[in-house]
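As a plain string of letters, each chain reads:
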Amino acid sequence: MKEELIISGRENFLIDPYIHIWEWQIPVYLFIGGLAAGLIFFSSLYFIQGKEEKMPFIVKIIPTLVPLLLVFGLFALFLDLKHKLYFWQLYTTIKLESPMSWGAWTLMIVTPLSIVWSLSYLKEIFEHWQKNYPLLYKLTSWIEKLILRLGIFRSIIKLGIKQRKPIAWIMLVMSVILGIYTGILLSAFNARPLWNTSILGPLFLVSGFSTAAATILLFTKDKSEQKLFSKIDLLLIAIEIFLIIHLFMGFLASTTVQIEAAQLFLGGPFTVSFWVFVVFIGLIIPAILEVLELKGFHIPVAIPAILILIGGLILRFIIVEAGQITRYLY
Amino acid sequence: MRYAMAIDTKKCVGCSDCVVACQTENNVPIGYCRDWVVEVVDGTYPQLEIEIRSERCNHCDNSPCVRCCPTGASHYSDGGIVLVTEHKCIGCAACIQSCPYDARFSHPDGYVDKCTFCNHRIQKGEQPACVEVCPTKCMYFGDLEDPNSDVSVILKKRKYKVLAPEAGTKPHIYFLI
C-alpha cells in the first residue's frame, strides 16, 4: 500500500485539501457565455440567410437578452477575480496562448456589437413589448424615448441599421469563438485531468447552443419558430449525448489520471448528479417531450425548455467542481 | 544560466525547517506556505519503505502557469525562475488551475503567490533560505549550466527523478533517489 501525505501541514486557503478557488461565478459565466453565444449565432445566421422578416422574433427581439446576459456574466467574472482593482491589466496585452486572454478580448468585441445590434432594432423591440407585454412596455417606454433623445445613440442606431450585414458576419464568427471558448478555457489546463480533453470545447459549444434554442422556445409565440427550434434542439441534444459518450470513451482509454477523473462519474461522488440531473433530466427527458410534441401531443413547451436550461447550468457546475478535484499528485 | 534545485530524499528527515525558513524569509502570511514536505510510505509492516520530499514550485521550462496567464503577470525571469508581477496579476486563478504541482496560492492581498527560489537572495550570491537552513544539508541549489555548481555535480553522481514528468512541464526540482 502506498500512502502520500503532506506532513508539514499545508493548508493554503482555497487550495487544500483540493482546489476550490473557482466557485459559483465561473460555472454561471460559462453557462451565460454559451447561452449568449447561441442566441447571437441564431440571430445572425437567420439574418444572413435573409429571414429577417420571416423570423422577426429570432433576428430582432430575442438578441435583446444578449447584452443583459453578457453584462451579468462579465460582472460574475469580475466577482471571481481576487485582485479586482487590477482587472484592466487584461486589456493591456493580447496573449495568444492564454484562453483567458482570448475570452476577455472576445467579450470586448461581442458585448458592444450585441448592444449595437439591439439598438438598431429598438423600434421593433418596443413594438413587440407593446403588443405582448403591455405592463413591461408601460414601465420601460421612457427608456426608448430617452435613447432616441440622445444624439450619440441616434447615430449608433443609424450606423447599426446601415452596417447590419458586416455586423452579422462578425457576430456569427465571434459567437462560435465565444461558445467554444467556454469549454477551451477549462480544457487548456492539463493539470486538471478531467478538463484536459479537447471534447470539452465542442461539448460546451453544443450545450450552449442547445440552451439558446431552449430560451427561444421559451419565449417565442410563433408556432413555426417553435417547431423549427424543437427540431434544432433535438439535433443539438443528440450531438451532446454523442459527445458525452465520446468524452468518457476518451478518458477510459487514456492515462491513469484521466481514468481516475472518469471514475468520479462512473461510481464516484458525481455519478448521480451527472447521470440523473444532467443526462437524464437535462437531456433525455426534454428530448422525449420534444419528440412527443412534434408528434402532436400537447405538452407545454416551457417544460422541456426549462429542463434543458437547468441541465446546462448543472453540467457546468459539476464539470468545474469535479475538475478541480482531479490532479496529478498525492 | 539555469537555476535548479536537487533534494536528497535519502537524507531528508522531514523536519520542516525549510518550510519555516521560507515563511520567515519571505513574510509568507500566516496559514500559508510556499514549500511543504511530503512523506510517501510504501508497503505493509514490516516491509516498509519511506521517501520524504521537500516540495515547492518547480520553475518549469514549459510552465503552464506562464502560458495560461492572460496579463503576463506570470513570467520567466533570469535563470528560468518563474515569477509573478504583483501589480499585473488580476487574481483570476488560471495559473493556480494550470499547475500540476499545486504550488501556487492566492495571497490574502489578492495576487497569486508562490516560491521565487528566493530571487532576492540569489541575486546577492546567497542560497535560497530553505537550502541555507537545512540541518541535514540535503538540498543543493545552483546553475545547471555550470558543470561545477553544487546541483550539477550531485546530479552527475546520483540517480534522480522529477515529479509528474508526464505533465510535460519540464520541472527543475530534482529528487535524488
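For the structure, see preceding data.
Notes on the structure follow. The numbering scheme is per chain: residues are counted from 1 as the chain's sequence reads. Each chain is given a letter, starting from A, and each ligand a number, starting from 1, according to the order in which they appear as written. Local features in this predicted model are restricted to residues of pLDDT 70 or higher, and side-chain atom pairs are both shown and tallied only at a pLDDT of 80 or more, whereas totals for entire chains, interfaces and linings draw on every residue. The basis for every side-chain value is the complete set of non-hydrogen atoms in the structure, without hydrogens or water.

## Focus on the packing of helix 12 (residues 271-294) of chain A against helix 13 (residues 302-325) of chain A
When two helices pack together, their arrangement is given by the angle between the helix axes and by the axis-to-axis distance.
Residues and elements named next belong to chain A.
Phase 1: For the pair helix 12 and helix 13, interaxial distance at closest approach is 9 Å and the crossing angle is 155 degrees. Between helix 12 and helix 13, the angle falls in the class roughly antiparallel. Where helix 12 crosses over helix 13, the two elements pack in a sense that is left-handed. Along the contact surface, helix 12 presents Ser273, Phe274, Phe277, Val278, Ile281, Gly282, Ile285, Pro286, Leu289 and Glu290, while helix 13 presents Ile303, Pro304, Leu307, Ile308, Gly311, Ile314, Leu315 and Ile318.
Phase 2: The residue makeup of the contact of helix 12 with helix 13, split by class, is 14 nonpolar, three polar and one charged. Between the N-to-C directions of two axes lies an angle of 0 to 180 degrees, each axis being a line fitted to C-alpha atoms and, for a helix, fitted only over the stretch in contact. Numbering goes from the N terminus for both helices and strands, where a helix is a DSSP run of H or I of at least four residues and a strand is a run of E of at least two. Angle categories: roughly parallel below 35 degrees, roughly antiparallel above 145, roughly perpendicular from 65 to 115, and oblique for all the rest. Helix crossings get a hand from a simple test, with the near helix turned counterclockwise from the far one by less than a right angle marking a left-handed crossing and a clockwise turn marking a right-handed one. By definition in these notes, contact holds between two residues if any of their heavy atoms fall within 4.5 Å. Each residue receives one of three labels: charged for Asp, Glu, Lys and Arg, nonpolar for Ala, Val, Leu, Ile, Met, Phe, Trp, Tyr, Cys and Pro, and polar for the others, Gly being one of them.

## Here we look at the nonpolar core
All names here are of chain A.
Phase 1: Of all hydrophobic cores here, the largest spans 119 residues; its most connected members are Trp22, Phe42, Leu186, Trp195, Phe229, Phe265 and Phe274.
Phase 2: At 16 residues, helix 1 (residues 25-48) tops the list of elements feeding residues into this core.
Phase 3: Those residues in contact with Phe274 that sit more than four places away from it in its chain are Ile244, Phe248, Phe265, Val279, Leu315 and Ile318. Working definition of a nonpolar core: buried Ala, Val, Leu, Ile, Met, Phe, Trp, Tyr and Cys residues. They are joined through side-chain atoms within 4.5 Å. Burial here depends on accessible area, computed with a 1.4 Å probe over protein chains only, as a share of the maximum for the residue type. Under 20% is buried, over 50% is exposed, and the range in between is partly exposed.

## Overview of the pattern of salt bridges
Phase 1: Salt bridges, as used here, are contacts in which a Lys or Arg side-chain nitrogen is within 4 Å of a carboxyl oxygen on Asp or Glu. If you walk through the whole model with that rule in mind, you get 16 salt bridges over all chains.
Phase 2: We note a salt bridge from Lys60 of chain A to Glu53 of chain A, for which the minimum N-O separation is 3.3 Å.
Phase 3: With relative accessibility at 6%, the residue Lys60 of chain A sits in the buried group.
Phase 4: With a shortest N-O distance of 2.4 Å, Arg327 of chain A and Asp102 of chain B are connected by a salt bridge. Residue Arg327 of chain A is found in the segment after helix 13, and its partner Asp102 of chain B is found in the loop between helix 3 (94-98) and strand 6 (105-106); the two belong to separate chains.

## Brief notes about the interface of chain A and chain B
Phase 1: With 42 residues of chain A in contact, the opposing surface of chain B contributes 49 residues.
Phase 2: A 1.4 Å probe defines the accessible area here, and the buried area is the portion of it lost by two parts on being joined, summed over both. With both sides pooled, the region where chain A packs onto chain B buries about 4000 Å², and carbon together with sulfur makes up 55% of that total.
Phase 3: If you sort the residues of chain A by the area they bury against chain B, Ile7, His83 and Tyr328 of chain A come out on top, with a joint share of 14%.
Phase 4: On inspection of chain A and its partner chain B, the count reaches three salt bridges.

## Some remarks on the sheet that holds strand 3 (residues 47-55) of chain B
Phase 1: Two strands qualify as a pair provided DSSP detects at least 2 bridges between them. The sheet built from three strands is open, its strands ordered 1(A)-2(B)-3(B) with antiparallel pairing. The open sheet has two free edges, formed respectively by strand 1 (2-6) of chain A together with strand 3 of chain B, since each of these has just one partner strand. Within the sheet, the average angular offset between the axes of one strand and its neighbour, ignoring direction, is 15 degrees.
Phase 2: Here strand 2 (residues 36-44) of chain B pairs with strand 3 of chain B via nine bridges, running antiparallel. If you follow Val41 of chain B over to strand 3 of chain B, its bridge partner there is Ile50 of chain B.

## With respect to the environment of Val206 of chain A
Phase 1: Mapped onto the elements of the fold, Val206 of chain A is located in helix 9 (residues 200-219).
Phase 2: Put simply, Val206 of chain A and Gly151 of chain A are 55 residues apart on the chain and 40 Å apart in space, counted from C-alpha to C-alpha.

## Quick look at the layout of surface pockets
Residues and elements named next belong to chain A.
Phase 1: A cavity here means a set of 1 Å grid points, computed over protein atoms only, where a 1.4 Å probe fits but cannot escape. A pocket is an open set with protein on both sides within 12 Å along at least 5 of 7 lines, and lining residues have an atom within 4 Å of a point. Grid points are joined across faces, edges and corners, and a volume is the space filled by probe spheres set on the points. Size it by volume and the largest pocket reaches roughly 380 Å³.
Phase 2: For the largest pocket, the lining is made up of 15 residues, of which Thr64, Leu68, Ser118, Leu119 and Ile147 are closest to its centre.
Phase 3: Contributions of two or more residues to the lining of the largest pocket are made by helix 3 (65-80), helix 4 (99-120), helix 5 (122-132) and helix 6 (134-149).
Phase 4: Take the lining of the largest pocket: its biggest share by element is four residues, from helix 5.
Phase 5: Its residues assigned to classes, the lining of the largest pocket comprises twelve nonpolar, three polar and no charged.

## Describing the packing of aromatic side chains
Phase 1: Any Phe, Tyr or Trp ring, taking Trp's six-membered ring, that has another such ring centre within 6.5 Å forms a pair; planes under 30 degrees apart are called stacked, those over 60 apart edge-to-face, and the others tilted. All told, the structure shown has 25 aromatic pairs over all chains when counted by the stated rule.
Phase 2: Ring geometry for Phe41 of chain A against Phe42 of chain A: centres 5.8 Å apart, planes inclined by 75 degrees, an arrangement best described as edge-to-face.
Phase 3: Relative to Tyr121 of chain A, the ring of Trp117 of chain A lies with its centre 5.7 Å away and its plane at 70 degrees, an arrangement referred to as edge-to-face.
Phase 4: Residue classification places Tyr121 of chain A among the buried positions, given a relative accessible area of 0%.
Phase 5: One aromatic cluster is present, built from ring pairs that chain together Phe248, Phe251, Phe265, Phe270, Phe274 and Trp275 of chain A.
Phase 6: The criterion is that NZ of a Lys, or CZ of an Arg, lies within 6 Å of the ring centre and within 35 degrees of the ring normal, and then a charge sits over that ring. The ring of Trp36 of chain B carries the charged tip of Arg10 of chain A above its face, separated from the ring centre by 4.3 Å.

## Brief notes about unusual backbone geometry
Phase 1: With an omega dihedral of 0 degrees, the bond running from Asp16 of chain A to Pro17 of chain A counts as a cis peptide bond.
Phase 2: For Pro17 of chain A, the position within the fold is in the loop between strand 1 and helix 1.
Phase 3: Between Tyr45 of chain B and the following residue, Pro46 of chain B, the backbone shows a cis peptide bond with an omega angle of 0 degrees.
Phase 4: Tracing the backbone through its elements, the reader meets Pro46 of chain B in the loop between strand 2 and strand 3.
Phase 5: One non-glycine residue, Ser16 of chain B, lies in the positive phi region at around 70 degrees.
Phase 6: Note that Ser16 of chain B resides in the loop between strand 1 (3-8) and helix 1 (17-25).
Phase 7: Relative accessible area serves as the criterion here: at 16%, Ser16 of chain B is assigned to the buried category.
Phase 8: At Asp102 of chain B, a residue that is not glycine, the phi angle is positive and equals roughly 50 degrees.

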